[in-house]
Amino acid sequence: MNSRADDEAAVNAVLADSYKAWEAGDAEGMVADYTEDATAVMPGSLREGRDAIRDAMALGFAGPLKGTSTHDRRLGIRFAGRDVAVVISEAGILFPGQKEVPEAGKVNCTWVFEKRDGRWLIAAYHNSPVSAPVR
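Residues numbered from 1 in each chain as written. Predicted model: local features only at pLDDT ≥ 70, side-chain atom pairs only at ≥ 80, totals over all residues. Heavy atoms only, no water.

### Observations regarding the pattern of salt bridges
Here's step 1: Enumeration over the complete set of coordinates arrives at 14 salt bridges.
Here's step 2: Between Glu 28 and Arg 54 there is a salt bridge, with the nearest N and O atoms lying 3.7 Å from each other. With Glu 28 in helix α2 (residues 27-30) and Arg 54 in helix α3 (residues 50-62), this residue pair connects regions lying 26 residues apart in the sequence.
Here's step 3: Residues Arg 54 and Asp 55 are paired through a salt bridge, measuring 2.9 Å at the closest nitrogen-oxygen approach. (Salt bridge = Lys/Arg side-chain N within 4 Å of Asp/Glu carboxyl O. Helix = DSSP H or I, 4+ residues; strand = E, 2+ residues; numbered from the N terminus.)

Have a look at this one:
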């Protein structure tokens, strides 16, 4: 296996762990692989720093996101140098009883990963509503 395949597997594992923590309603676990200075940009909000992201997710898991999970369809991954990866995906929140995300709930996501001390971490996340299905 070449180093990029190893890096891609490590990035995918970070995303899988974050989504597992979401499904468990575990805000601390969800941001365990975020950099301390990570940012999350979503329509109407900017969360600066891992603690702010964790706190917002904890509020969500205690309220409107209680019992939710996520759907993520990877559209691509590319590496910008040795220590930066960009992942593009289509995602959405699955509310209790839903089997698939309604079109209106789908978002396009950009994840920026940084390799620090040999470990891939989420440095930035951004999402935007999908205006038309990606094919």
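### With respect to the sheet that holds strand β1 (residues 34-42)
The pairing of strands in a sheet happens through backbone hydrogen bonds and is either parallel or antiparallel.
Here's step 1: Strands sit in the order β2-β1-β6-β5-β4-β3 across an open sheet of six strands; the sheet is mixed. Since the sheet does not close on itself, it has two edges, and those belong to β2 (45-48) and β3 (69-79), each with one partner. For this sheet the average axis-to-axis angle between neighbouring strands, irrespective of direction, equals 20 degrees.
Here's step 2: Examined bridge by bridge, β1 and strand β6 (residues 119-129) share four bridges and lie parallel to one another. Bridged to Thr 39 within β6 is Ala 124.
Here's step 3: Sitting on the sheet, α3 is in contact with β1 and β2, with an inclination near 55 degrees to β1. (Pairing = 2+ DSSP bridges. Axes fitted to C-alpha atoms, helices over the stretch in contact; angles between N-to-C directions. Contact = heavy atoms within 4.5 Å.)

### Overview of the pairing of strand β5 (residues 107-116)
Here's step 1: Bridge analysis of strand β4 (residues 84-94) against β5 gives eight bridges, and the strand direction is antiparallel. Within β5, the residue paired with Val 86 across the bridge is Val 112.
Here's step 2: The pairing of β5 with β6 spans ten bridges and is antiparallel. Directly across from Val 112, in β6, lies its bridge partner Ala 124.
Here's step 3: What sits between β5 and β6 in their antiparallel hairpin is a turn of two residues, with Asp 117 showing a positive phi close to 50 degrees.

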